Structure formats: structure tokens, C-alpha cells
Amino acid sequence: MAIQDYTIERVAQWLASARSAVVFTGAGMSTESGIPDFRSPGGVWSQNKPVYYDEFLRSADARFEYWRQKALAAADFERAEPNVGHQTIARWEREGRIAGVITQNIDGLHQRAGNRCVHELHGTVRWIVCVDCQAKYEPLPLLAWYREHQQVPACEECGSDRMKSATVSFGQSLPAETLEASLELARQCDLLLAIGSSLVVYPAAGLPEVARRAGAKLVIINRDPTDQDELADAVIAEPIGQVLTGIDASMRQLLR
Ligand SMILES: [Zn+2]
């Protein structure tokens, strides 16, 4: 048996016997759905200078640039469908095998696959919010309006043009409640599967450490090596969808 198969079988055993398993996902989770990793070469951030939150708040030019970039990225989000990896994780939640999902992703694909307990550390593109009155809007009509008028849409409630995606911008702090709930989940789990994250962006990247200190096993599934590989109980560097379906199949064999 290949080493990788052996590792997958071992992880399947851990998942089958876990009291509280948690899944933590990063950009690599969604690349198989056609959403580029924004940090990778060719990604949005390699071609465009990101708009920082304080610039967004004070400058109409910055808000226009923000919408220009959002409209570009939105095309990828609109086309994307959950992949077999998302579907496997959704199935695990339905069957009570995992306590929840913590994600750095903003694409909402875990929820679309059927997960209910999802903590979105960096927010979501599924809503546009008004910074001034917190009114929430469906993104598609506003993006269409922007594309037609080439102008930042105004809030229907208060008239403000400080309308942004419900995502965490550069220079904006993470939502405190989501972060606290995620830390709590990490502290209470006995198995953490870190999937598709390079584990470098803090505080999200600190979650595996929190889980490990509380006695949880750490499994890292990522295409490239991460800084935390040495701390992990198992590391699998293969395509995510394939690995997760492999773990799932192996677990079902065990449970038969
Ligand atoms: Zn408003």
C-alpha cells in the first residue's frame, strides 16, 4: 500500500472515532471550483492594488476602484459551484461527523453544498452591506447596476455610497464574534482537518495551534507544504477533492 493510502486510512480512522472534529478551510478548497487563489500569480491581488478599508471609507475614488475590482472578481464567484470536496464535508456535517466548518473563504460554497455551521472569518461575498446604516443587499442586482452605470451604487435606506461586500477588507479587523466562536470550536475539538490553507494569515493560522494545545490531532491537506507541517499528525499533499473522497470511502469501509 502506498504511504499516501496508508495516511488516508489513518485519517479516516481518526474521523470515524472523533468526538468533535472540525474542518478549517482556505483558498485551496475552492480552486477546484474555479475560484483562483487571490494571492497566487494571476490572482486578483497580483494584478490590482488592494483597496484598504480606511481609503474606502474616506475616498470616492477608492470606492470606485473597489467596485471595479469586485466586479471583476464577482464573475468567478457567480460561475462557481461547490466541488466534490465541499459536498463531502457537507455530508460529514449532515451525518454528525464534524462539529462545524471554519473558513477563510468568502465564496459561500460550503453553505451552498449544504453545511449549516460555517464560521466565515473573512466574511462573505453573498451580501453587500452599507457601512453607514448596515442595510444588507443581494449582490447581483447591485453588481449589474454598477456594470451598467459604471458608478458605485447608493444605499436605498440612507443614500450613502459607502456600500461594500460583507467581506473583511485589508486593514479591517475580523468579526470578533466569528473569531471567538471559531476559537471555541478549535479549543473543543479532538481532530482538526486544515484543508487548502497555507496557514500563514493570522489570526486564522493560529487555530491549528489552539486545537493542538487543547490536545486535538492536526491533519493538514494542502497542495503545497505549509509552515505547520512539522506540527501535524498527518500531512497529505494531493488534490483536495480526491483526498476527501478517499477519506470518506475509507471511513465507510471501516464503519461497515
Ligand atoms: Zn445605508
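Because the structure is predicted, anything quoted here is derived from the model rather than measured.

What follows is about the domain arrangement of the chain. Domain annotation for the chain reports domain 1 (1-35 + 82-122 + 174-256) and domain 2 (36-79 + 123-167). Taking only C-alpha atoms, the centre of domain 1 and the centre of domain 2 are 29 Å apart. Each partner contributes residues to the interface: domain 1 has 13 residues there, and domain 2 has eleven residues. Roughly 1,000 Å² is buried in total at the junction of domain 1 and domain 2, and carbon and sulfur atoms are behind 57% of that figure. On the domain 1 side of the interface with domain 2, the three residues burying the most area are Ile35, Ile106 and His122, jointly 50% of the side's total. If you look at where domain 1 meets domain 2, you find one salt bridge. Ionic pairing is found between Glu120 and Arg126, a salt bridge with its closest N-O pair at 3.7 Å. Between domain 1 and domain 2 we count two residue pairs in polar contact (both at pLDDT 80 or more) in total.

It is worth spelling out the coordination of the zinc ion at this point. Distances from the zinc ion to its protein donors, Cys130 (SG), Cys133 (SG), Cys155 (SG) and Cys158 (SG), fall within 2.3 to 2.4 Å. In this structure, the zinc ion is coordinated by four donor atoms arranged in tetrahedral fashion, with angles at the metal of 103 to 114°. The motif formed by the donor residues of the zinc ion, counted along the single chain, is C-x2-C-x21-C-x2-C. Residue Cys133 is found in the loop between strand E4 (123-130) and strand E5 (136-137), and its partner Cys158 is found in the loop between helix H8 (139-149) and strand E6 (163-167); the two are separated by 25 residues along the sequence. In this structure Cys158 comes out as partly exposed when scored by relative accessible area, which is 40%.

What follows covers the packing of helix H5 (residues 60-79) against H8. Their axes nearest at 10 Å, the elements H5 and H8 cross at an angle of 125°. With respect to H8, the element H5 is oriented oblique. As for how H5 packs across H8, the hand of that crossing is left-handed. Taken together, the residues of H8 that come into contact with H5 (itself represented by Phe64, Trp67, Arg68, Lys70, Ala71, Ala74, Ala75 and Glu78) are Leu140, Leu142, Leu143, Tyr146 and Arg147.

Of all hydrophobic cores here, the largest spans 25 residues; its most connected members are Ile89, Trp92, Ile195, Ile221, Leu244 and Ile247. Mapped onto this core, the elements with two or more residues apiece are helix H1 (3-17), strand E1 (21-25), helix H6 (84-94), strand E2 (98-103), strand E7 (191-195), strand E8 (217-221), strand E9 (234-236) and helix H11 (240-255).

Okay, the sheet that holds E7 next. Strand order in the open sheet formed by six strands is E3-E2-E1-E7-E8-E9, and the pairing between neighbours is parallel. The open sheet has two edge strands, strand E3 (118-120) and E9, and neither has a second partner. For this sheet the average axis-to-axis angle between neighbouring strands, irrespective of direction, equals 15°. Strand direction decides the pairing type here: E8 and E9, joined by three bridges, are parallel. Looking at E9, one finds that Val219 is bridged to Ala234. Helix-sheet contacts for H6 involve E1, E2 and E7, and the interaxial angle to E2 is about 140°.

Now for the pairing of E6. With four of its five residues buried, E6 lies for the most part within the structure. For E4 and E6, the ladder comprises five bridges, and the chain directions are antiparallel. The residue bridging Val129 from the neighbouring strand is Lys164, located in E6.

Before going further, it helps to examine the pattern of salt bridges. Considering all chains together, one arrives at 18 salt bridges under this definition. Ionic pairing is found between Arg147 and Glu78, a salt bridge with its closest N-O pair at 3.7 Å. In this pair, Arg147 is assigned in helix H8 and Glu78 in helix H5, connecting sequence segments 69 residues apart. A relative accessible area of 36% means that Arg147 is categorised as partly exposed. Among the salt bridges present, the one from Glu81 reaches Arg112, with a minimum N-O distance of 2.8 Å. With Glu81 in the loop between H5 and H6 and Arg112 in helix H7 (residues 109-113), this pair connects stretches of sequence that are 31 residues apart. Put simply, Arg91, Glu95, Arg97, Asp248 and Arg252 are held in one network by salt bridges that share partners.

Moving on, we get to the packing of aromatic side chains. Taken as a whole and assessed by the stated rule, the structure comprises four aromatic pairs. Their ring planes at 45° and their centres at 5.5 Å tell us that Tyr52 and Phe170 sit as a pair that is tilted. Taken together, the residues span a long stretch of sequence, with Tyr52 in the loop between helix H3 (44-47) and helix H4 (53-58) and Phe170 in the loop between E6 and helix H9 (176-188) at a distance of 118 residues. Plain terms: the ring middles of Phe64 and Tyr146 are 5.9 Å apart, the flat faces sit at 50° to each other, and that makes the pair tilted. One end of the pair, Phe64, is in helix H5; the other, Tyr146, is in helix H8, and 82 residues separate them in sequence. Exposure remark for Phe64: the relative accessible area of 31% places this residue in the partly exposed category. These aromatic residues form a ring-pair network of at least three members: Phe64, Trp67 and Tyr146. If you follow Lys136 out to its NZ or CZ, it ends over the ring of Trp127, 4.5 Å from the centre.

Reading the values: the criteria
Residues numbered from 1 in each chain as written. Predicted model: local features only at pLDDT ≥ 70, side-chain atom pairs only at ≥ 80, totals over all residues. Heavy atoms only, no water. Domains from an automatic or database assignment. Contact = heavy atoms within 4.5 Å. Buried area = accessible area lost by both parts, 1.4 Å probe. Salt bridge = Lys/Arg side-chain N within 4 Å of Asp/Glu carboxyl O. Polar contact = N/O pair within 3.5 Å; in protein donor to acceptor, adjacent residues only side chain to side chain. Donors = N, O, S within 2.8 Å, 3.2 Å for Na, K, Ca; no water. Tetrahedral: all angles 85-135°; square planar, octahedral: opposite > 155°, others 65-115°. Helix = DSSP H or I, 4+ residues; strand = E, 2+ residues; numbered from the N terminus. Buried < 20%, exposed > 50% of the residue type's maximum accessible area, 1.4 Å probe, protein only. Axes fitted to C-alpha atoms, helices over the stretch in contact; angles between N-to-C directions. Parallel < 35°, antiparallel > 145°, perpendicular 65-115°, else oblique. Left-handed = near helix turned anticlockwise from the far one by under 90°. Core = buried A, V, L, I, M, F, W, Y, C linked by side-chain atoms within 4.5 Å. Pairing = 2+ DSSP bridges. Phe/Tyr/Trp six-rings, centres within 6.5 Å; stacked < 30°, edge-to-face > 60°. Lys NZ or Arg CZ within 6 Å of the ring centre and 35° of its normal.

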